[in-house]
Amino acid sequence: MAAKQAQKETALAKSSSLLKWATRALIFGVVVVICRYLDTIKDRWYVLDPTELHELAKSAIDASPNNTAGMIEHIVANLTATYPSEVIRINPDTSEWVFNNAGGAMGAMYIIHASITEYLIIFGTPLGTEGHSNYMHTSDNYFNILVGEEWAFAPGALEMERYPAGSVNHMPRGTVKQYKMHEGCFALEYMRGWIPLLLPFGFADGLTSTLDFPTLYHTALFTGREMILNLLRGKI
């Protein structure tokens, strides 16, 4: 009798375990389907346009030649005037600069806009830097050079790519490059796609190498604040 009871309990335990794994597999499958569906419709949540941003970058260069601060002011003023504050949040505080260590490169950035599907920053350094571009598997990257020059290299290429001021280095998602920004190089960087999935790349060096926790804190604070303020406007 005891043996039969033990066998029954064992069978129930196996059945319960199979049910748990089946439930987990079902949930995972549903999540994958939802994510794939959202990826097909994410374009409807884009507000900024890469072509218009490139034209804006060039107009900023023309309006303030050899004046990086003037270019930034021109860009922010234009974006603020173009996009209603009820639709999209543009961060007007040009004093909110933080260091950014990612992929071995180091510079400073000012977050102009951050939402779930779009990210617009000024990034650069007066000293020069180089590193890994990041595997852009969740976003397209548009690197509009404002000042200086960027060099880039993809595996298999025997010559470097050159991007002077006024040009844009477009890296479609899935693109990997080594890049170098020379002394005094600053860019208007626009990313569109699933921005939160890019954040681990942005935090990895700070957590494993520089251990610059105040910078990590301010980066998370500014990014999170902008994303929340955009969500409150209905901007995904």
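Every chain is numbered on its own, with residues counted from 1 as its sequence reads. This being a predicted model, a pLDDT of at least 70 is required before a residue's local features are given, and a value of 80 or more before pairs of side-chain atoms are given or counted; all residues contribute to the totals for chains, interfaces and linings. Neither water nor hydrogens contribute to the side-chain values; these are computed over all heavy atoms in the structure.

## Looking at the overall build of the chain
Stated formally: A helix here means a DSSP run of H or I that spans at least four residues, while a strand means a run of E at least two residues long, and both kinds are numbered starting from the N terminus. Using C-alpha atoms as the atom set, the radius of gyration is obtained and then compared with a globule rule of 2.2 Å times the number of residues to the power 0.38. Exposed residues in this analysis have more than 50% of their type's maximum accessible area, buried residues have under 20%, and partly exposed residues fall in between, with area computed by a 1.4 Å probe over protein chains only. We call two residues in contact whenever any of their non-hydrogen atoms come within 4.5 Å of each other. Surface exposure here means Shrake-Rupley accessible area, sampled with a 1.4 Å probe, where a residue is shielded only by the protein chains that are shown. The positive count covers Lys and Arg only, the negative count covers Asp and Glu only, and His and the chain ends enter neither. Charge coordinates come from a single atom per side chain, which is NZ of Lys, CZ of Arg, CG of Asp or CD of Glu.
The helix and strand tally for the chain stands at five helices and 10 strands. Radius of gyration (C-alpha) of the chain: 23 Å, far over the 18 Å computed for a compact globule of 236 residues. Based on the C-alpha atoms only, the size of the chain along its principal axes is roughly 90 × 45 × 35 Å. A buried classification covers 40% of the 236 residues belonging to the chain. Taking as baseline every contact in the chain between residues at least 6 positions apart, the subset at least 24 positions apart corresponds to 71%. Surface exposure of the chain reaches about 12,800 Å², of which carbon and sulfur atoms provide 63%. For the chain, the distance from the average site of its 18 positive side-chain charges to the average site of its 23 negative ones is 18 Å.

## Description of the nonpolar core
Stated precisely, the cut-off is as follows: The term nonpolar core refers to a set of buried residues drawn from Ala, Val, Leu, Ile, Met, Phe, Trp, Tyr and Cys, joined through side-chain atoms within 4.5 Å.
Of all hydrophobic cores here, the largest spans 23 residues; its most connected members are Ile75, Leu79, Ile112 and Ile122. The set of elements that each furnish at least two residues to this core consists of α2 (50-63), α3 (68-82), β2 (105-114), β3 (118-125), β5 (139-147) and β10 (185-193). Of all hydrophobic cores here, the second largest spans 21 residues; its members include Val98, Tyr119, Phe143 and Leu198.

## Let's talk about the packing of aromatic side chains
Rules: Centres within 6.5 Å make a pair out of two Phe, Tyr or Trp rings, where for Trp the six-membered ring is used; the pair is then stacked when the planes are under 30 degrees apart, edge-to-face when over 60, and tilted otherwise. For a lysine, the NZ atom is tested; for an arginine, the CZ atom; a charge sits over a ring if that atom is within 6 Å of the ring centre and within 35 degrees of the ring normal.
Per the counting criterion, the structure on display carries five aromatic pairs. Among the aromatic residues, those joined into a ring-pair cluster are Trp97, Tyr110 and Phe186. Across the ring face of Trp21, the terminal group of Arg24 is positioned such that the distance to the ring centre comes to 4.8 Å.

## Things to note about a nonpolar patch on the surface
Counted only if it meets this: Patch definition: residues above 30% relative accessible area lacking any salt bridge, with like charges linked at up to 9 Å and the nonpolar side chains Val, Leu, Ile, Met, Phe, Trp and Tyr linked at up to 5 Å. Salt bridges are counted wherever a side-chain nitrogen of Lys or Arg sits within 4 Å of a carboxyl oxygen of Asp or Glu.
On the surface, a nonpolar cluster with roughly 270 Å² of combined accessible area is contributed by Leu26, Val30 and Ile34. Mapped onto the fold, Val30 is located in helix α1 (residues 2-41). Val30 gets classed as partly exposed once you look at its relative accessible area, which sits at 41%.

## Considerations on the sheet that holds strand β7 (residues 161-164)
Keep this limit in mind: By this definition, two strands are paired if DSSP reports at least two bridges between them. Helix axes are fitted to C-alpha atoms over the stretch in contact, other axes to C-alpha atoms as well, and angles between N-to-C directions run from 0 to 180 degrees.
Strand order in the open sheet formed by four strands is β4-β9-β6-β7, with antiparallel pairing between adjacent strands. Each having just a single partner strand, β4 (129-132) and β7 make up the two edges of the open sheet. When the angles between neighbouring strand axes are averaged without regard to direction, this sheet yields 15°. Bridge count for strand β6 (residues 149-153) against β7 is four bridges, and the pairing is antiparallel. Residue pairing across strands places Glu149 opposite Pro164, the latter belonging to β7.

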